[in-house]
Amino acid sequence: MSNNHRGLLLVVSSPSGAGKTTLCQRLRAEFPQLGFSVSYTTRAPRPGETHGVEYFFVDRETFTEMVARDEFAEYALVHTNNYGTSAPLVREALAAGNDLLFDIDFQGGRQLRAKFPHDVVLVFILPPSLGELERRLRARNTDAPEVIERRLRVAREELSHYGEYDYVIVNDDLDRAYDVLRAIYLSELHRTRRQREAAEAVLSGQQVLEIGGRLRIGGGRGKEGE
Ligand code: ADP
Ligand code: 5GP
């Protein structure tokens, strides 16, 4: 049995509060093969956040050293904090044929697209309105009022980059937005270049199964007459 299409890098971006964490968690729950790229950040952990789960929390000195050692596939300054994606994690996922999900901003999406043009799929989540974005940020209750003010100030700037993305989803009704996100993931998995191995396996007489978007290739029961 094998599953070795080249991994897909699914980037989801939005202004803070539009719902990307909620949507990404649902996608990971439905498709366990989709790994999550845990970023490095100099931001302080929020209550309930765990080192190594949401982020690797590091100080500025460590972050700067990692930049100098070229350990990031991309990095950016977002809301006064540094954020970066582990280069070895991305390389290993691609080599192993594992799909990776990224919750990163437009600067990161742009850098990953430039580095891995054939592997990156960029999805932008839009709030239904700026007023609803503010309501969600306040209701989430995870940020101090001045942090929320700053996030709202930069939201317009972030939203203005939607045109750099392959797909745009308005997250009004959560279930509907999720249906679109999962449809994008499944469609991208089924691009011809990611299905060549399956097609060639069928042609060579092997049996191919697909379970939850994941291919299982093996056995010889698929051959005509066997
Ligand atoms: P982000 O990761 O983009 O900052 P979150 O996923 O944390 O956003 O969502 C921000 C808040 O909005 C959370 O409290 C979440 O439960 C809520 N939320 C997400 N999607 C919707 C939706 N479609 N309708 C109403 N509330 C939502
Ligand atoms: P938060 O502090 O709310 O978790 O994230 C703030 C912003 O930083 C979000 O837009 C998030 O997508 C972005 N972000 C998180 N990790 C990374 C990363 O590794 N690289 C980049 N470029 N942005 C990131």
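Criteria and thresholds
- Residues numbered from 1 in each chain as written.
- Chains lettered and ligands numbered in written order.
- Predicted model: local features only at pLDDT ≥ 70, side-chain atom pairs only at ≥ 80, totals over all residues.
- Heavy atoms only, no water.
- Phe/Tyr/Trp six-rings, centres within 6.5 Å; stacked < 30°, edge-to-face > 60°.
- Helix = DSSP H or I, 4+ residues; strand = E, 2+ residues; numbered from the N terminus.
- Buried < 20%, exposed > 50% of the residue type's maximum accessible area, 1.4 Å probe, protein only.
- Pairing = 2+ DSSP bridges.
- Contact = heavy atoms within 4.5 Å.
- Axes fitted to C-alpha atoms, helices over the stretch in contact; angles between N-to-C directions.

Asks: Sorry if this is basic, but what is going on with the packing of aromatic side chains here?
Replies: Given two aromatic rings, their pairing is described by the distance between the two centres and the angle made by the two planes. On inspection of all chains with the given rule, the structure shows 9 aromatic pairs. Considering the side-chain rings of Phe124 and Tyr165, the 5.0 Å spacing of their centres and the 70° angle between planes classify their relative orientation as edge-to-face. Of this pair, Phe124 sits in strand S8 (residues 120-126) while Tyr165 is found in the loop between helix H6 (145-159) and strand S9 (167-170), placing the two residues 41 residues apart along the sequence. Residue Tyr165 is classed as buried on the basis of its relative accessible area, which comes to 9%. Ring pairs connect the aromatic residues Tyr40, Phe56, Phe63, Phe72 and Tyr75, which therefore count as one cluster.

Asks: Would you explain the sheet that holds S8 in this entry?
Replies: Within a sheet, each strand pairs with its neighbour through backbone hydrogen bonds, oriented either parallel or antiparallel. Within the open sheet, the 5 strands sit side by side as S2-S7-S1-S8-S9. Their pairing is parallel. Of all strands in the sheet, those with a lone pairing partner are strand S2 (35-36) and S9, marking the two edges. The pairing of S2 with strand S7 (residues 100-103) spans 2 bridges and is parallel. Among the inter-strand pairings, Gly35 is bridged to a residue of S7, identified as Leu100. In the packing of helix H1 (residues 20-30) onto the sheet, the strands contacted are strand S1 (9-13), S2, S7 and S8, and the crossing angle to S7 comes to about 170°.

Asks: Is there a simple way to think about unusual backbone geometry in this case?
Replies: Excluding glycine, a negative phi dihedral is what most residues carry, and trans is how most peptide bonds are arranged. Here the phi dihedral of Asp70 falls at roughly 65°; this positive angle occurs in a residue that is not glycine. Note on placement: Asp70 falls in the loop between helix H2 (60-68) and strand S5 (72-78). Given the relative accessible area of 60%, Asp70 is considered exposed. The phi torsion at Thr80 lies on the positive side, around 75°, for a residue other than glycine. With respect to the element layout, Thr80 can be found in the loop between S5 and strand S6 (81-86).

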